[in-house]
Amino acid sequence: MFTYQIIVEYLGTKFVGWQIQKNGLSVQEALEKVLSKFLKDKIRVIGSGRTDAGVHANEQSAHFKTKQEIKNKNIFINSINFFLRNYTISILTIKKKTNKFHARHSAKERIYKYFIINRPSSLVLEKNKAWHIKKKLDTKIMRKGAEILKGTH
């Protein structure tokens, strides 16, 4: 068996989140479907973490195991991304790892970014990518609240 780490990005708008669920399509399910068909093997994709419905990712780590060795990474990525394009998912990179590698347990850090757009007019470019607040924000109180979140958790 070969273990591969993939770095993926996706627009989460139409997904129920990362993890497979009965109530709709997940990022994990879409990846597994495409990888299984392409590799002609039952593929299980393990993510470094889970995202909620509608959440996007730009460099999420995941891994999968397969009987096949992937010899040409560029051809593999281009081929897989051809089939993933309808899902708004893209594999950015792939790396062969030892069988001890685990996307969630081997992760050293996770970075989450939350965007607030504060203006009266509607969002167009950032629609479904930011929290839209029309009323004036109290930045002094927001900074005070943000202090609680600083550090390693």
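For the structure given in this document, a descriptive report is provided here.

**A short note on the overall build of the chain**
From N to C terminus, the chain includes three helices and six strands. Taken from N to C terminus, the helices and strands of the chain fall in the order β-α-β-β-α-β-β-β-α. Judged by the C-alpha coordinates and their principal axes, the chain covers about 55 × 35 × 30 Å. Looking at the chain residue by residue over its 153 residues, the buried ones come to 33%. Relative to all contacts within the chain whose residues are 6 or more apart in sequence, the contacts with residues 24 or more apart total 61%. Summed over its atoms, the accessible surface of the chain is roughly 11200 Å², and 55% of this surface lies on carbon and sulfur atoms. Taken as two groups, the 31 positive and 11 negative side-chain charges of the chain have centres that lie 2 Å from each other.

**So, the pairing of strand E3 (residues 57-66)**
In terms of residue burial, E3 counts as a mostly covered element, since seven of its 10 residues are buried. In this structure, strand E1 (residues 2-10) lies alongside E3, joined through eight bridges in antiparallel fashion. The partner of Ile6 across the bridge, within E3, is Ala62. Two strands pair when backbone bridges link them, and strand E2 (residues 46-47) and E3 are joined in this way by two bridges, in the antiparallel orientation. Bridged to Ile46 within E3 is His63.

**Quick notes on the layout of surface pockets**
Taken as a whole, the largest pocket holds about 1400 Å³ of empty space. Sorting the residues of the lining of the largest pocket by element identifies E1 and E3 as the ones contributing at least two each. At five residues, E3 tops the list of elements feeding residues into the lining of the largest pocket. Of the residues assigned to the lining of the largest pocket, the class counts are 14 nonpolar, 12 polar and 11 charged.

**Some details on the pattern of salt bridges**
Taken as a whole and judged by the stated rule, the model has four salt bridges. With its nearest N and O atoms 3.0 Å apart, the salt bridge here joins Glu69 to Lys96. Placement of the pair is Glu69 in the loop between E3 and helix H2 (73-84) and Lys96 in strand E4 (residues 89-97), with a sequence separation of 27 residues. Close ionic contact of Glu147 with Lys150 constitutes a salt bridge, the shortest N to O distance being 3.1 Å.

**Some details on the packing of helix H1 (residues 27-39) against H2**
At a minimum axis separation of 10 Å, H1 and H2 run at an interaxial angle of 125°. Relative to H2, the element H1 is oriented oblique. Handedness of the crossing formed by H1 with H2: right-handed. Residues Ala30, Leu31, Val34, Leu35, Phe38 and Leu39 of H1 pack against Phe76, Ser79, Ile80, Phe83 and Leu84 of H2.

**What to know about the nonpolar core**
With 25 residues, the main nonpolar core has Leu31, Phe64 and Phe76 as its most contacted residues. For this core, the secondary-structure elements that each account for two or more residues are E1, H1, E3, H2 and E4. Once residues lying within four places of it in the same chain are set aside, the contact partners of Phe76 are Leu35, Phe38, Leu39, Phe64, Ile70 and Ile94.

Quick notes on the rules
- Residues numbered from 1 in each chain as written.
- Predicted model: local features only at pLDDT ≥ 70, side-chain atom pairs only at ≥ 80, totals over all residues.
- Heavy atoms only, no water.
- Helix = DSSP H or I, 4+ residues; strand = E, 2+ residues; numbered from the N terminus.
- Buried < 20%, exposed > 50% of the residue type's maximum accessible area, 1.4 Å probe, protein only.
- Contact = heavy atoms within 4.5 Å.
- Areas by Shrake-Rupley, 256 points an atom, 1.4 Å probe, with all protein chains shown as cover.
- Lys, Arg positive; Asp, Glu negative; His and termini not counted.
- Charge placed at Lys NZ, Arg CZ, Asp CG, Glu CD.
- Pairing = 2+ DSSP bridges.
- 1 Å grid on protein atoms, 1.4 Å probe; cavity = no way out; pocket = protein on both sides within 12 Å on 5 of 7 lines; lining within 4 Å.
- Points joined across faces, edges and corners; volume = space filled by probe spheres on them.
- Nonpolar A, V, L, I, M, F, W, Y, C, P; charged D, E, K, R; others polar.
- Salt bridge = Lys/Arg side-chain N within 4 Å of Asp/Glu carboxyl O.
- Axes fitted to C-alpha atoms, helices over the stretch in contact; angles between N-to-C directions.
- Parallel < 35°, antiparallel > 145°, perpendicular 65-115°, else oblique.
- Left-handed = near helix turned anticlockwise from the far one by under 90°.
- Core = buried A, V, L, I, M, F, W, Y, C linked by side-chain atoms within 4.5 Å.

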